Amino acid sequence: MNPLRKIVTFGVALGLIVFGYSQTKHAENTKRSWLGPFAPIAAQVQWVRAEQAIASGFPGRAIDFMESAVDLNPKSGSGWITLADHLGLYLASAEAGWPMETRAYWLETALEVTRRGQSWARHPDALAFHRGMLLLSHARLVEPLTWRDSPHALWEDAVAAFDEAEELGHPGAEAAAEYARAQIQQ
């Protein structure tokens, strides 16, 4: 390789690294990808690997791949939502076979994922709204999760999440909050 080509190649590589660093720098004490603009592509690879792990019966391994994908592309709200759904709908479901306290733990972990994602995602209102939907989905079960001290705690937390989503500008949050409030009154 001639010297000019080496310099250009090095310059492009350095530029991609610097660009990637600037794009992923968002908060203190967070991972930053050296992949730069290729990070979303690498994240997609991790999502495929997560799907394969689920299909192979390894939901725990899937979480590792999903977290890696979210780390690679933290601005993608759909990534945070997919991870939260895996934890809050799949692992926290009665069909997963966990005891009630473990299911509640998985749901709380899913809710925390949506909270973390709000500081990164382009549309934090969507994550707050989805947090409300996760809570609502468990509140509507014939045998809802044991959640805090109140029999309406899931509904109350859903209202709070929808109210937050409304404050952040989510268009459907007001109606969802009213629905959850009506369920508390019944």
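Only a predicted model underlies this, so the values are computations on that prediction, with no experimental measurement involved.

Undergrad: Sorry, what's going on with the overall build of the chain here?
TA: Along its length, the chain carries eight helices and zero strands. Sequence-ordered secondary structure for the chain, helices as α and strands as β, is α-α-α-α-α-α-α-α. Among the 186 residues that make up the chain, the fraction classed as buried is 38%. For the chain, restricting intrachain contacts to residue pairs at least 6 apart in sequence, the fraction spanning at least 24 positions comes to 53%. Carbon together with sulfur atoms contributes 59% to the accessible area of the chain, which is approximately 10,700 Å² in total.

Undergrad: For this particular structure, what's the right way to read the side chain of Arg103?
TA: Assignment of secondary structure puts Arg103 in helix H5 (residues 100–118). One buried charged side chain, Arg103, makes no salt bridge at all; its nearest oppositely charged neighbour is Glu143, positioned 5.6 Å away. The contacts of Arg103, once residues within four sequence positions are left out, are Leu91, Ala92, Ser93, Ala94, Trp98, Leu141 and Leu145.

Undergrad: Sorry if this is basic, but what is going on with helix H6 (residues 124–139) here?
TA: The α-helix advances 3.6 residues per turn, and as a result positions three or four apart in sequence lie on the same side. For H6, which comprises 16 residues, the first-to-last C-alpha distance of 23 Å matches the rise-based estimate of 22 Å (1.5 Å per residue) to within 8%. Within H6, burial applies to Asp125, Leu127, Ala128, Phe129, His130, Arg131, Gly132, Leu134, Leu135, Leu136, His138 and Ala139. The inward-facing, buried residues of H6 abut helix H4 (77–91), H5, helix H7 (153–167) and helix H8 (173–185).

Undergrad: Would you mind going over the packing of aromatic side chains with me for this structure?
TA: Aromatic ring pairs are described here by two measures, namely the spacing of the ring centres and the angle between the planes. With the rule as written, the count across this model stands at four aromatic pairs. Seen in terms of ring centroids, Trp98 and Trp106 are 6.4 Å apart; in terms of plane orientation they differ by 55°. Their pairing is tilted. Using a relative accessible area of 39% as the deciding quantity, one classes Trp98 as partly exposed. Owing to a relative accessible area of 17%, Trp106 belongs among the buried residues under this scheme. Members of the aromatic cluster, each reached through a chain of ring pairs, are Trp98, Tyr105 and Trp106.

Undergrad: I'm lost on the nonpolar core in this one. Help?
TA: One broad rule of soluble globular proteins: the nonpolar side chains tend to lie buried together. One finds Trp80, Leu87, Leu107, Leu135, Trp147, Leu154 and Phe162 to be the most contacted residues of the largest nonpolar core, which totals 46 residues. Secondary structure elements with two or more residues in this core: helix H2 (39–55), helix H3 (59–72), H4, H5, H6, H7 and H8. Setting aside its immediate chain neighbours within four residues, Trp147 contacts Ala104, Leu107, Glu108, Leu111, Leu135, Ala153, Leu154 and Asp157.

Undergrad: Teacher, can you tell me more about the packing of H5 against H6 here?
TA: Working note: a packed helix pair is described by the angle between its axes plus the distance between those axes. Their axes nearest at 8 Å, the elements H5 and H6 cross at an angle of 170°. With respect to each other, H5 and H6 are oriented roughly antiparallel. Every residue of H6 that contacts H5 at Leu107, Ala110, Leu111, Thr114, Arg115, Gly117 and Gln118 is listed here: Pro124, Leu127, Ala128, Arg131, Leu134, Leu135 and His138. Partitioned by chemical class, the residues of the contact of H5 with H6 number eight nonpolar, four polar and two charged.

Undergrad: It is not clear to me how unusual backbone geometry should be interpreted in this structure. Could you clarify?
TA: Glycine aside, residues mostly have negative phi angles, and peptide bonds mostly take the trans form. In this structure, Arg148 takes a positive phi of about 55° despite not being glycine. Considering the arrangement of structural elements, one finds Arg148 in the loop between H6 and H7.

Rules used in this analysis
- Residues numbered from 1 in each chain as written.
- Predicted model: local features only at pLDDT ≥ 70, side-chain atom pairs only at ≥ 80, totals over all residues.
- Heavy atoms only, no water.
- Helix = DSSP H or I, 4+ residues; strand = E, 2+ residues; numbered from the N terminus.
- Buried < 20%, exposed > 50% of the residue type's maximum accessible area, 1.4 Å probe, protein only.
- Contact = heavy atoms within 4.5 Å.
- Areas by Shrake-Rupley, 256 points an atom, 1.4 Å probe, with all protein chains shown as cover.
- Lys, Arg positive; Asp, Glu negative; His and termini not counted.
- Salt bridge = Lys/Arg side-chain N within 4 Å of Asp/Glu carboxyl O.
- Expected span 1.5 Å × (residues − 1).
- Phe/Tyr/Trp six-rings, centres within 6.5 Å; stacked < 30°, edge-to-face > 60°.
- Core = buried A, V, L, I, M, F, W, Y, C linked by side-chain atoms within 4.5 Å.
- Axes fitted to C-alpha atoms, helices over the stretch in contact; angles between N-to-C directions.
- Parallel < 35°, antiparallel > 145°, perpendicular 65-115°, else oblique.
- Nonpolar A, V, L, I, M, F, W, Y, C, P; charged D, E, K, R; others polar.

Distances and angles like these do not, on their own, reveal function.
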